[in-house]
Amino acid sequence: MTSIPKESDVVIIGGGIIGVSTAYYLAKSGVSVTLVEKGIIAGEQSSRNWGFVRQQGRDPAEIPTIMRSLALWKGLSKELGEDIGFKQAGVFYLANTEEQVAGYEDWLKHAKEYQIDSHIVPKTEIQKYIPTNSGGWLAALRTPSDGKAEPSKATTALARGADNLGANILTNCAVLGFETEAGRVSSVRTELGAIKTNTLLCAGGTWSSLFCGRHNIPLPQLKIQSSVLRTSPVPEISKHSIWCRDVALRRRQDGGYTVAHGSATEAPIVPDTFKWGIKYLESYKKEKSRLRIKLNGRFYKELMTARRWNIDGPSPFESERIYDVSPNKKILNEAFNNLRNLFPQLENATIIESWAGLIDVTPDAVPVISPVEKIPGFYLATGFSGHGFGIGPGAGELAAHMITGKASKQELSNFDYSRFF
Ligand SMILES: Cc1cc2nc3c(=O)[nH]c(=O)nc-3n(C[C@H](O)[C@H](O)[C@H](O)COP(=O)(O)OP(=O)(O)OC[C@H]3O[C@@H](n4cnc5c(N)ncnc54)[C@H](O)[C@@H]3O)c2cc1C
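To keep things clear, this report deals only with the structure shown in the data block. (Residues numbered from 1 in each chain as written. Predicted model: local features only at pLDDT ≥ 70, side-chain atom pairs only at ≥ 80, totals over all residues. Heavy atoms only, no water.)

**Remarks on empty space enclosed by the protein**
And step 1. All chains considered together, the criterion is met by 1 cavity of 30 Å³ or more.
And step 2. Quantified by volume, the largest cavity comes out at close to 40 Å³.
And step 3. Residue lining of the largest cavity: E44, Q45, R48, T206, Y323, G357 and L358, and that is the complete set.
And step 4. For the lining of the largest cavity, the elements supplying multiple residues, two or more each, are α2 (45-48) and β19 (351-361).
And step 5. Residues of the lining of the largest cavity, tallied by class, amount to 2 nonpolar, 3 polar and 2 charged. (1 Å grid on protein atoms, 1.4 Å probe; cavity = no way out; pocket = protein on both sides within 12 Å on 5 of 7 lines; lining within 4 Å. Points joined across faces, edges and corners; volume = space filled by probe spheres on them. Helix = DSSP H or I, 4+ residues; strand = E, 2+ residues; numbered from the N terminus. Nonpolar A, V, L, I, M, F, W, Y, C, P; charged D, E, K, R; others polar.)

**Considerations on the sheet that holds strand β9 (residues 175-181)**
And step 1. Spatially, 3 strands are ordered β9-β10-β11 in an open sheet, and the strand pairing comes out antiparallel. Since the sheet does not close on itself, it has two edges, and those belong to β9 and β11 (193-196), each with one partner. For this sheet, the mean inter-axis angle between neighbouring strands, taken without regard to orientation, is 30 degrees.
And step 2. Looking at chain direction, strand β10 (residues 184-190) and β11 are connected through 4 bridges and run antiparallel. Residue T190 lies in a different strand from β11, and its bridge partner there is G193. (Pairing = 2+ DSSP bridges. Axes fitted to C-alpha atoms, helices over the stretch in contact; angles between N-to-C directions.)

**What about the pairing of β9?**
And step 1. For β9 and β10, the ladder comprises 6 bridges, and the chain directions are antiparallel. For E179, the partnering residue across the bridge sits in β10 and is S187.
And step 2. Counting the residues in the hairpin turn of β9 and β10 gives 2 residues, including A182, whose phi is positive at 50 degrees.

**Quick notes on the nonpolar core**
And step 1. Grouped together as the largest cluster of nonpolar side chains are 51 residues, with contacts concentrated most on I12, L26, V33, W73, L201, I369 and M402.
And step 2. Where this core is concerned, the elements lending two or more residues are β1 (10-13), α1 (17-28), β2 (33-36), α3 (63-80), α6 (151-164), β21 (378-382) and α13 (392-404).
And step 3. A per-element tally of this core places α1 first, with 8 residues.
And step 4. Each residue touching I12, except ones within four places of it in the same chain, is listed here: G19, T22, A23, L26, V33, T34, L35, V36, L201 and A203.
And step 5. Counting residues in each nonpolar core, the second largest holds 34 residues, with L176, C202, L219 and V325 among its members. (Core = buried A, V, L, I, M, F, W, Y, C linked by side-chain atoms within 4.5 Å. Buried < 20%, exposed > 50% of the residue type's maximum accessible area, 1.4 Å probe, protein only. Contact = heavy atoms within 4.5 Å.)

**Considering the pattern of salt bridges**
Close approach of charged atoms lets side chains of opposite charge pair.
And step 1. Taken as a whole and assessed by the stated rule, the structure comprises 25 salt bridges.
And step 2. Among the salt bridges present, the one from E302 reaches K223, with a minimum N-O distance of 2.9 Å. Taken together, the residues span a long stretch of sequence, with E302 in helix α10 (residues 297-303) and K223 in strand β13 (residues 222-231) at a distance of 79 residues.
And step 3. Its relative accessible area of 15% is what places K223 among the buried residues.
And step 4. D364 is paired through a salt bridge with R419; the nearest N and O atoms lie 2.6 Å apart. (Salt bridge = Lys/Arg side-chain N within 4 Å of Asp/Glu carboxyl O.)

**Regarding the side chain of T258**
And step 1. Position of T258 among the secondary structure elements: in strand β16 (residues 257-260).
And step 2. According to the relative accessible area criterion, T258 is buried, its value standing at 2%.
And step 3. A polar contact is formed between the side chain of T258 and the side chain of R252, at a distance of 2.9 Å.
And step 4. Not counting residues within four places of it along the chain, the set of residues in contact with T258 comprises W50, V228, L229, R230, A248, L249, R250, R252 and W355. (Polar contact = N/O pair within 3.5 Å; in protein donor to acceptor, adjacent residues only side chain to side chain.)

**Observations regarding α13**
And step 1. In this model, α13 (13 residues) spans 18 Å end to end at C-alpha, consistent with the 18 Å of a helix rising 1.5 Å per residue.
And step 2. Of all 13 residues making up α13, 11 are buried, and the element is well covered by its neighbours.
And step 3. Regarding α13, the residues found buried are G392, P393, G394, A395, G396, E397, L398, A399, A400, M402 and I403.
And step 4. Looking at the residues trailing α13, positive phi occurs at G405, about 80 degrees. (Expected span 1.5 Å × (residues − 1).)

**Focus on the site of the ligand**
And step 1. Near the ligand you find 35 residues, and of these E37, S46, F52, V175 and G390 are the closest.
And step 2. At 3.1 Å from a nitrogen atom of the ligand is found a main-chain nitrogen or oxygen belonging to W50.
And step 3. Between the ligand and the protein, one listed contact pairs a nitrogen atom with a backbone N or O atom of V175 at 2.9 Å.
And step 4. For the shell around the ligand, the secondary-structure elements that each account for two or more residues are α1, α2, β13 and β19.
And step 5. Here the shell around the ligand takes 3 residues from α2, the largest share from any one element.
And step 6. Residues belonging to the shell around the ligand are distributed by class as follows: 16 nonpolar, 15 polar and 4 charged. (Near = heavy atom within 4 Å.)

**Structural notes on the sheet that holds strand β8 (residues 168-170)**
And step 1. Ordered in space as β8-β2-β1-β12-β21-β20, the 6 strands form an open sheet in which the pairing is mixed. The open sheet is flanked by β8 and β20 (368-371), the only strands paired with a single partner. Going from strand to strand, the sheet's axes swing by 15 degrees on average, the running direction of each strand aside.
And step 2. Relative to β8, β2 runs parallel, the two sharing 3 bridges.

**Looking at the environment of W276**
And step 1. Take W276: it is sitting in helix α8 (residues 271-276).
And step 2. A C-alpha to C-alpha distance of 33 Å links W276 and L158, two positions 118 residues apart in sequence.

**What to know about the environment of T362**
And step 1. Along the chain, T362 falls in the loop between β19 and β20.
And step 2. When the C-alpha positions of T362 and V121 are compared, they lie 32 Å apart, and in sequence the two are 241 residues distant.
And step 3. Those residues within four positions of T362 in sequence are excluded, and the remaining contacts are P220, Y280, V368, G383, S385, R419 and F420.
And step 4. Among the polar contacts listed, one links the side chain of T362 to the backbone oxygen of V366, at a separation of 2.8 Å.

**Observations concerning unusual backbone geometry**
Most of the time, phi is negative for any residue but glycine, and the peptide bond is trans.
And step 1. With an omega dihedral of 0 degrees, the bond running from G313 to P314 counts as a cis peptide bond.
And step 2. Following the sequence through the fold, P314 ends up in the loop between α10 and α11 (316-319).
And step 3. A positive phi angle, close to 55 degrees, is found at N216, a residue other than glycine.

Coordinates in, geometry out; function isn't part of it.
Quick look at the structure:
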């Protein structure tokens, strides 16, 4: 659709898995909803991710929502009438150190509390699940009920599902800001014109903090970058999606693997690093062995990005319809070599395509699904911190319930915006 409605009960910013899932569940409950995407559906994180749909290793704050999400994933292909590549093929985390094994054992207390089928696989049994490998791993954490899906297919199918239920899905249209009346959201300004509404949800992924900043709503959010490749069709080495220190891989529907380095994520230093850095110290201490901190052209680019703009535009959102960052070839070469060394059956794999994605991260790596109390009618569903694809349908349903008043305080309490301040 290229023309915008004059009014809508709810407007959603962002056509990633979170925005489209929320639109889908709102439309399903009869709410008139308009989703506005500056580029294309699933142009950013939601098509670039690994495709793991995992419960294991999650922060306990997210467990009820990921469990609900998994239940939704199971029925989605049928409900949407489209193949989205969802399978409960299991997830396997392999440990190189005793410290990792202890971490996995510790996480099992959460699995037990929620009756998730996660368990430790001892060293002697790893071969049962990955018959040919040279990993020498000490043990593994395995969750047979965890799943996987094809990211781009799933996100675009959900958008079509929302559209079929009557949602307005606008692409190539940036949201520039919103206006208020008596303190409450009263209209949303897009580059194609205004939409009268009293409810706006920001599901803008990595752009959410910039958007919120325009309205004096502080949102701590930093970006990290992850590079990914896909291989040619190769023999299946395990039905599970696998993560270890040296490589992460998921079997794709096309018979290849989606592959990334298991512990090389780039953290570009940008002006926001200085603004929010102090809030990230605890997470940084935990994750520093996996982060490669870099000062590159992004610092200057973000320094030059307008933080304030006129509501009539132009805004920074029209000038970058899709965040298309270049993959780090060095990291990908390391990952690809690790892949072939660890799994000799994949020695003939070739690289078909590579890409990178920017990931939005909150200080505690838990998302925000929350009203913003000081502006009635303004809501957030953002900050999914590198694991928002799997939880997407569950988080979208929760965001829809938050907006329609069906979500309990208890369900939303772990995702509250005010926890950062
Ligand atoms: C390489 C990589 C690997 C990952 N692996 C996994 C994984 O295996 N499992 C997992 O669960 N998660 C994974 N993730 C994380 C997951 O992809 C994200 O958490 C999830 O996709 C976030 O969805 P989103 O809808 O919040 O954001 P996005 O998908 O980024 O969508 C946000 C959208 O908002 C739009 N937008 C922003 N501002 C505006 C505006 N003002 N006007 C209009 N539109 C706007 C953007 O154009 C964008 O399309 C990975 C991410 C990456 C990058």
